[in-house]
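Here is what each chain is made of, one letter per residue.
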Amino acid sequence: MNILVTGGAGFIGSHTVVSLVEAGFNPVIVDDFSNSEPSVLSGLKKIVGREVSCHVLDCNNYPAMRQILRDEKIAGVIHFAAFKAVGESMQEPLAYYRNNLGSLLTLVDAMLAEGISNLIFSSSCTVYGEPDTSPVTEQTPIKPAASVYGNTKQVGEEILRDVSAVKPLKSLSLRYFNPIGAHPSALIGELPRGVPSNLVPFVTQTAAGLRESLTIFGNDYPTPDGTCIRDFIHIMDLAEAHVAALQYALNKSESSFYDTFNLGTGQGNTVLELVKTFEKVSGKPLPYSIGPRREGDVVAVWADVKNRANYSAGKPGVRSRKRLRMPGAGSSVYRLYLRHDEPHRKSRSPGQRGVRPLHYRRRGERGGLCTGCCFAWPESRTYREDRFCC
Ligand code: UD1
């Protein structure tokens, strides 16, 4: 079954392409490479063992989108293509509204015209704005968005809800918390163009020597260490949740429906905890300084995952603990950046070079990262391969 993946060369898109292939689907990518590297396609080819079809295209191109939907005999669409930098969205609101909402309108129009009903929409926990309390459930009231980026996701969800109410559209909005990490092969990962705006690629690029120092945006928030709290979810969990969501939509007998799902781990960690954890796992200090707050940032948000049991019974959501066994984000992302940074790599000895991948940790060691969610396994507790904090 052919599935169109817009933004399929991007961070979440490329990992979802892998999960789609593993689940027996045939993904077809549409990407304009405005914030991704064409080299992702060769990484994908190595991972899945064959070429993945890719159309280089802006999703706002209605005639071309219709033609691809028709020619490729598409059965469902996962729509990732969007701008996603919170800070930039405050400076370039028009570009964000045009790109994020224009492409969604174009896509839905084209899908309806071609009689394609299954749509998974890449939304964000940012729709909750600054929630009164965390964890947030899908029923937590939507607040005014804290950023233009957030508003594009809120309006995007409203568009799908309203269209699904009257047209043959089966749509699901997946509200991501903060995806991090990389495929265990390290052949794909988070490779934004230019200076990363998200935390983890900035951390890994700083560790790899591509950036001088990380700036932590604010340490005067009302949190235990003053830095913002986020729910960092492993990218492969997120990718597989998309496949589950797609199957959920495909299996629904109704001709139209709209639903939303949170995709998080249920655990909040501060930005400083993430940095300290990265230092601990890599075994070397990460240069960082504290800067002013970033406009549009919410203080704290993490997911309620009480519905996890329901999710595993066929709904999209976080995977069971057992299936979370994979190398952690710190290791595989870091290796990816070293691979893309040859001169830097050559100047270092192998011993200095890498972060010890998590799966090389020995049983009985203290501290480290949880294999599931990539966050700190406390020093006070002994690491066991079969233990998770998430
Ligand atoms: C937001 C959304 C998330 C979405 C993402 C897309 C919220 C709560 N989350 O993530 O759902 O997937 O946008 O981009 O709105 N930080 C630094 N220094 C840096 C970079 C980031 O301190 O160089 C801090 C930020 O201030 C923030 C945290 O790290 O507190 C995470 O930032 P980022 O990785 O950009 O993601 P969010 O903005 O939380």
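Remember, predicted model here, so these are calculated numbers, not experimental data.

Colleague: Describe the site of the ligand, and please don't skip the residues or the numbers.
Modeller: The environment of the ligand is formed by 25 residues, the closest being S124, T126, N198, L199 and C228. Going through the elements one at a time, α7 (199–207) and β8 (214–217) are the ones with two or more residues in the shell around the ligand. Of the residues forming the shell around the ligand, the biggest block, 4 residues, is contributed by β8. Split by residue class, the shell around the ligand holds 14 nonpolar, 7 polar and 4 charged. Lining the shell around the ligand are residues from two domains, each supplying at least three of them: domain 1 (2–185 + 231–263) and domain 2 (199–229 + 266–301 + 321–353).

Colleague: Explain the confidence of the model for the protein to me, and be specific about the residues and the numbers.
Modeller: With 78% of its residues at a pLDDT of 70 or more, the protein shows a mean pLDDT of 79. Low confidence marks residues 308–363, where pLDDT is under 50. Its contacts with residues over four positions away, or in another chain, come to 110 contacts. Counting contacts from residues 383–390, a segment whose pLDDT is below 50, to residues more than four positions away or on other chains yields 23 contacts.

Colleague: Mind laying out the sheet that holds strand β3 (residues 54–56), listing which residues take part and the relevant values?
Modeller: One open sheet holds the 7 strands; their spatial order is β3-β2-β1-β4-β5-β6-β11, and the pairing between them is parallel. Sheet topology places β3 and β11 (257–263) at the edges, where each strand pairs with a single neighbour. Neighbour-to-neighbour, the strand axes of this sheet turn through a mean angle of 20°, independent of strand direction. Sheet topology places strand β1 (residues 2–6) next to strand β4 (residues 74–79); 5 bridges connect them, and they run parallel. Bridge pairing in β4 places V5 opposite I78. Packed on one face of the sheet, helix α6 (residues 148–166) meets β5 (118–124), β6 (170–176) and β11 and runs near 155° to β5.

Cut-offs applied
- Residues numbered from 1 in each chain as written.
- Predicted model: local features only at pLDDT ≥ 70, side-chain atom pairs only at ≥ 80, totals over all residues.
- Near = placed C-beta within 6 Å.
- Helix = DSSP H or I, 4+ residues; strand = E, 2+ residues; numbered from the N terminus.
- Nonpolar A, V, L, I, M, F, W, Y, C, P; charged D, E, K, R; others polar.
- Domains from an automatic or database assignment.
- pLDDT = per-residue confidence, 0-100.
- Contact = placed C-beta atoms within 7 Å.
- Pairing = 2+ DSSP bridges.
- Axes fitted to C-alpha atoms, helices over the stretch in contact; angles between N-to-C directions.

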